[in-house]
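# Results of the structural survey
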Amino acid sequence: MARTAADEHRAVARLFTDRVRGTDPEAWDNPAPCEGWVARDVVRHLVEWFPDFLKAGAGVELPKGPSVDGDPVAAWAIHSDGVQALLDDPATAHKLLSNPHIGELPLDQAVDRFYTADVFMHTWDLARATGQDEHLDPAKCAQLLDGMLPLDDVLRASGQYGPRVEVPQSADVQTRLLAFIGRKP
């Protein structure tokens, strides 16, 4: 049986939550792999872009937590719990998200495709910045890479991804995914 968007978010967010909770309080200002970011900015990115995306595209408002500057752990927990509650709500399956760049999609699929995938990839960024376990699920890495490769030009043009980093074709799937999105694994 295929995992639902709610199941997928639960698993991906759990791993990111583990990295958030595992971050030494002194490490929040460590440089992150995203140019110009520190560890705290990885959490800030996820907590700040997605609520606006949901509100504009589906009229959904997520609960607001404290600022990431004041309490990144609580900011993430409240945000992540809000996303999970949205996905666990049976009514979500009948809602649509409309966006001028992507058209109209079922809300749960939009969350899975654009947000949960983002959380998954940024898990590595936070782990790298804070000296934690950087291992990502190889099957999820392969799924994302396979879906992104045909969209290379579109993704680069979005400005959301850095230049592709060259790695040997024999590199493991996590390394290939990270290099594709512009990280230097």
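Parameters at a glance
- Residues numbered from 1 in each chain as written.
- Predicted model: local features only at pLDDT ≥ 70, side-chain atom pairs only at ≥ 80, totals over all residues.
- Heavy atoms only, no water.
- Core = buried A, V, L, I, M, F, W, Y, C linked by side-chain atoms within 4.5 Å.
- Buried < 20%, exposed > 50% of the residue type's maximum accessible area, 1.4 Å probe, protein only.
- Helix = DSSP H or I, 4+ residues; strand = E, 2+ residues; numbered from the N terminus.
- Contact = heavy atoms within 4.5 Å.
- Phe/Tyr/Trp six-rings, centres within 6.5 Å; stacked < 30°, edge-to-face > 60°.

In the annotation of an unreviewed UniProt entry, the chain is listed under the name TIGR03086 family metal-binding protein and assigned to Streptomyces cinnabarinus.

### Considerations on the nonpolar core
The biggest cluster of nonpolar side chains holds 48 residues, and the ones touching the most others in it are Phe16, Val43, Leu54, Trp76, Val111 and Leu177. Of all the elements in the fold, those that place two or more residues in this core are helix 1 (5–21), helix 2 (39–58), helix 3 (72–88), helix 4 (107–130), helix 5 (138–148) and helix 7 (173–180). For this core, the leading source of residues is helix 4, giving 11 residues. Not counting residues within four places of it along the chain, the set of residues in contact with leucine 177 comprises Phe120, Met121, Cys141, Leu144, Leu145 and Met148.

### Structural notes on the packing of aromatic side chains
Considering all chains together, one arrives at seven aromatic pairs under this definition. Ring geometry for tryptophan 49 and phenylalanine 50: centres 5.4 Å apart, planes at 75°, overall edge-to-face. The exposure class of tryptophan 49 is partly exposed, given its relative accessible area of 24%. Exposure remark for phenylalanine 50: the relative accessible area of 0% places this residue in the buried category. Considering the side-chain rings of phenylalanine 50 and tyrosine 115, the 4.0 Å spacing of their centres and the 20° angle between planes classify their relative orientation as stacked. With phenylalanine 50 in helix 2 and tyrosine 115 in helix 4, this residue pair connects regions lying 65 residues apart in the sequence. Of the two residues examined, phenylalanine 50 and tyrosine 115, each falls in the buried class. A network of ring pairs unites the aromatic residues Trp49, Phe50, Phe53, Phe114 and Tyr115 as a single cluster.

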